[in-house]
Amino acid sequence: MSSSCVFCKIVKGDIKPHTVFEDEKTLAFLDANPLAKGHTLIIPKIHVSKLENLDEEAAEAFFRTIHKLIAPIQNAVGAQATTIAINNGKESGQEIPHVHAHIVPRFKGDKGGSIHSMMGRRPRISQEEMQKIAESIRALA
């Protein structure tokens with residue numbers, strides 16, 4: 001654990017959140033600065049700053065907790081849908097360098113955008129370049 005990480009302080013019990021779920025490997029609690037009623041954060045209990053650095057067991061537990069909580073969150077606040085987001089690294093907007101997922105309840109007319117509204121301008125990528133990118137990802141996976 002990191003002594004300066006707010007999420008590690010929550011895991012240690014130094015900060016008391018509004019906990020909605022906890023198991024051996026994960027913790028879920030209401031966001032202190034919610035975008036909507038029921039906005040929930042899910043964290044692994046180990047301190048890792050980026051998703052790709054979680055070991056497989058921790059990653060499985062993390063995504064299992066996300067999956068488990070979607071319906072209960074929606075039902076608790078009467079939401080029709082949710083946006084599930086992970087900012088993975090500082091350049092993506094990650095403010096706390098500890099892996100975490102947001103489950104944000106969505107409501108008709110909430111004026112929240114889709115994932116495609118996140119970027120200001122979309123790049124123009126040729127089919128040839130897309131093919132090279134796909135080949136590179138396959139080779140590295």
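Now for a description of the structure that goes with this document. The model shown is predicted, which means the values in this text are computed figures rather than measured ones.

Moving on, we come to the nonpolar core. Counting 14 residues, the largest nonpolar core has Ile-42, Leu-54, Phe-62, Ile-66, Leu-69 and Ile-103 as its most contacted members. For this core, the elements supplying multiple residues, two or more each, are α2 (56–77) and β5 (101–106). At six residues, α2 tops the list of elements feeding residues into this core. The contacts of Ile-42, once residues within four sequence positions are left out, are Leu-27, Ala-28, Phe-62, Thr-65, Ile-66, Leu-69, Val-99, His-100, Ala-101 and Ile-103. The next biggest cluster of nonpolar side chains, apart from the first, holds eight residues, and it includes Phe-7, Ile-10, Phe-29 and Ile-43.

As a further point, take the environment of Gly-38. Along the chain, the position of Gly-38 falls in the loop between β2 (26–30) and β3 (40–44). Those residues in contact with Gly-38, other than ones at most four positions away along the chain, are Leu-30, Ile-73, Val-77, Ile-103 and Pro-105.

Reading the values: rules and limits
- Residues numbered from 1 in each chain as written.
- Predicted model: local features only at pLDDT ≥ 70, side-chain atom pairs only at ≥ 80, totals over all residues.
- Heavy atoms only, no water.
- Core = buried A, V, L, I, M, F, W, Y, C linked by side-chain atoms within 4.5 Å.
- Buried < 20%, exposed > 50% of the residue type's maximum accessible area, 1.4 Å probe, protein only.
- Helix = DSSP H or I, 4+ residues; strand = E, 2+ residues; numbered from the N terminus.
- Contact = heavy atoms within 4.5 Å.

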